[in-house]
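Each chain is listed here by its residues.
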Amino acid sequence: MEKIIKFSGICKEFKIYQRKKGTKGIFNLFKRDKKIVHALKEVSFEIEEGDIVGYIGPNGAGKSTTIKIMSGILVPTKGTCEILGYNPWKDRKKYVKNIGVVFGQRSQLWWDVPVVDSFELLKDIYNIPNDEYKQTLKLLVSTLKLEDILNRPLRQLSLGQKMKCELAGSLLHRPKILFLDEPTIGLDAVTKLTVRDFIKYINKEWGTTVILTTHDMSDIDALTNKIILIGRGQLLYNGSFSAIRHKYENIKTIEVEFKKEYETLQVDGYEVISHNKNMAVLKNLPTIQFNTKEFISEIGKNYEVVDFSIKSMSVDEILARLYSDYEIVGG
């Protein structure tokens, strides 16, 4: 597949000015200290046409800064970015016709007018031919179930309804790339499923490339074929999510019930997470390949087991472990 996004050696610095304290601890009103914050440090990656990429990391990692650079809103301090053959900030007028952007906390629609009027304005902004607009709008309204809210002002809609309208608005011109920044934040479970199904639909039917930033690992699990992990402004991982899952799938949590109470508990190759009377929770060390028969044999040497259950790591636990391994703090 063709690589349509090339992000190379990108750095982004921000200047922050802070009031300087005087000798008595009082802030000086006339002098300020300048501090340089490195939001991105030599970040490089490539994305192929038709990918759905999860761009993940804790708060302050540099995710939104990256999306704003790729959408042409921010200019990097250093480095090059080529998307669909364009420089996003230099070729902005031509470039934006090929992308759609949805920020979870910001709207591109007008607050006090009916949603359909906002769509009509976007039609004119993107210079969409009338027949193409009607065909695309019909598809979006049907797929996202917008029939009952098209004639209502945005301010009267629920969060989930607004997000579905934002998605529709960003796709009226059928962009080749869709940037989604926390698209499911605050949505109920039903709306989340609708949004996810729609993203998979446009990726499959339209061939739209999707770059998704989110803290919701169920979004990553349900949608993406690869992830890019960033922390402290640096690229830490770039590859498939299935490879990450495979890396940690051997780590099991085992809940054990004993026949009697034990004051202490120690099992070679296992970490004791909790121990209360005749109940305990253990986790095998990453260096130990978990095997049920071997575990029962090992724990049965010193303890009488009545029952036990085994759980694999959840998607959220995998993310937490991934952050821990790269020594970054989730948030």
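See the structure shown above.
This one's a predicted model, so the numbers in the text were calculated from it and none came from an experiment.

Chemist: Explain the overall build of the protein chain to me, please; I cannot follow it from the model alone.
Modeler: Regarding its fold elements, the protein chain presents ten helices and 13 strands. The C-alpha atoms of the protein chain give 25 Å as radius of gyration, which overshoots the globular expectation for 331 residues (20 Å, by more than 25%). Oriented by its inertia axes, the alpha-carbon framework of the protein chain measures out at about 75 × 65 × 40 Å. Long-range contacts, defined as pairs at least 24 residues apart, comprise 69% of the intrachain contacts of the protein chain with a sequence gap of at least 6. With an accessible surface of roughly 17900 Å², the protein chain has 48% of that area assigned to carbon and sulfur atoms. The averaged location of the 42 negative side-chain charges in the protein chain is 9 Å from the averaged location of its 49 positive side-chain charges.

Chemist: Where do I start with helix α8 (residues 241-248) in this structure?
Modeler: Since the α-helix advances by 3.6 residues per turn, residues separated by three or four positions end up pointing in the same direction. Within α8 the residues assigned to the buried category are F241, I244 and Y248. The arc that holds the buried residues of α8, viewed along the axis, is 60 degrees, so those residues lie on one side. Facing away from the buried surface of α8 by more than 90 degrees, the exposed residues are S242 and H246. Tucked into the core, α8 has its buried residues touching α7 (217-223), β8 (226-231), β9 (234-239) and α10 (315-325).

Chemist: How should I be thinking about the side chain of N284 in this particular structure?
Modeler: Position of N284 relative to the elements: it lies in strand β12 (residues 279-284). Of the polar contacts made by the side chain of N284, one reaches the backbone nitrogen of K252; its length is 2.6 Å. Of note is the side chain of N284, whose polar atom sits 3.1 Å from the backbone oxygen of I288. With residues up to four places along the chain from it excluded, the contact list for N284 reads N250, I251, K252, I254, G269, Y270 and F290.

Chemist: What am I meant to see in a nonpolar patch on the surface here?
Modeler: Nonpolar side chains collect at one region of the surface, where W110, L121 and I125 lie side by side and expose about 290 Å² of accessible area between them. Along the polypeptide, I125 turns up in helix α3 (residues 115-125). Look at I125 and you get exposed, because its relative accessible area is 55%.

Chemist: Explanation requested: the sheet that holds strand β6 (residues 177-181) in the structure shown.
Modeler: Strand pairing in a sheet relies on backbone hydrogen bonds, with the paired strands running either antiparallel or parallel. With respect to topology, six strands assemble into an open sheet ordered β5-β6-β7-β3-β8-β9, the strand pairing being mixed. Every interior strand has two partners, whereas the edge strands, β5 (99-103) and β9, have only one. Pairwise comparison of adjacent strand axes, ignoring direction, gives a mean angle of 15 degrees for this sheet. Sheet topology places β8 next to β9; five bridges connect them, and they run antiparallel. By the bridge assignment, I227 is partnered in β9 with G239.

Chemist: Honestly, the packing of aromatic side chains in this entry has me stumped. Any pointers?
Modeler: Here the distance between the centres and the angle between the planes together describe a pair of aromatic rings. Counted according to the given criterion, the structure contains nine aromatic pairs. Arranged with centres 4.8 Å apart and planes meeting at 20 degrees, the rings of F7 and F45 form a pair that is stacked. Taken together, the positions of F7 in strand β1 (residues 3-21) and F45 in strand β2 (residues 27-48) put the pair 38 residues apart, joining distant regions of the chain. F45 carries the same exposure label as F7, and that label is buried. Between F45 and Y55, the aromatic rings sit 5.9 Å apart at their centres with planes inclined by 50 degrees, giving tilted as the arrangement. With F45 in strand β2 and Y55 in strand β3 (residues 52-56), this pair connects stretches of sequence that are ten residues apart. Like F45, the residue Y55 is buried in the burial classification. An aromatic cluster of three or more residues is present, and its members are Y270, F290, F295 and F308. When the ring centre of F14 is taken as origin, the NZ or CZ atom of K12, which lies over that ring, is 5.2 Å away.

Chemist: What is the right way to look at the sheet that holds strand β13 (residues 305-312) in this model?
Modeler: Spatially, β11-β12-β10-β13 is the arrangement adopted by the four strands of the open sheet, whose pairing is antiparallel. Because the sheet does not close on itself, it has two edges, and the strands there are β11 (270-276) and β13. Across the sheet, the axes of successive neighbouring strands diverge by a mean angle of 20 degrees, strand direction being ignored. Alignment of β11 against β12, held across six bridges, turns out to be antiparallel. Bridge assignment links V272 to a residue of β12, and that residue is L282.

About the cut-offs
- Residues numbered from 1 in each chain as written.
- Predicted model: local features only at pLDDT ≥ 70, side-chain atom pairs only at ≥ 80, totals over all residues.
- Heavy atoms only, no water.
- Helix = DSSP H or I, 4+ residues; strand = E, 2+ residues; numbered from the N terminus.
- Rg over C-alpha atoms; globule rule 2.2 N^0.38 Å.
- Contact = heavy atoms within 4.5 Å.
- Areas by Shrake-Rupley, 256 points an atom, 1.4 Å probe, with all protein chains shown as cover.
- Lys, Arg positive; Asp, Glu negative; His and termini not counted.
- Charge placed at Lys NZ, Arg CZ, Asp CG, Glu CD.
- Buried < 20%, exposed > 50% of the residue type's maximum accessible area, 1.4 Å probe, protein only.
- Arc of directions from axis to C-beta.
- Polar contact = N/O pair within 3.5 Å; in protein donor to acceptor, adjacent residues only side chain to side chain.
- Patch = residues over 30% accessible without salt bridge, like charges linked within 9 Å, V, L, I, M, F, W, Y side chains within 5 Å.
- Salt bridge = Lys/Arg side-chain N within 4 Å of Asp/Glu carboxyl O.
- Pairing = 2+ DSSP bridges.
- Axes fitted to C-alpha atoms, helices over the stretch in contact; angles between N-to-C directions.
- Phe/Tyr/Trp six-rings, centres within 6.5 Å; stacked < 30°, edge-to-face > 60°.
- Lys NZ or Arg CZ within 6 Å of the ring centre and 35° of its normal.

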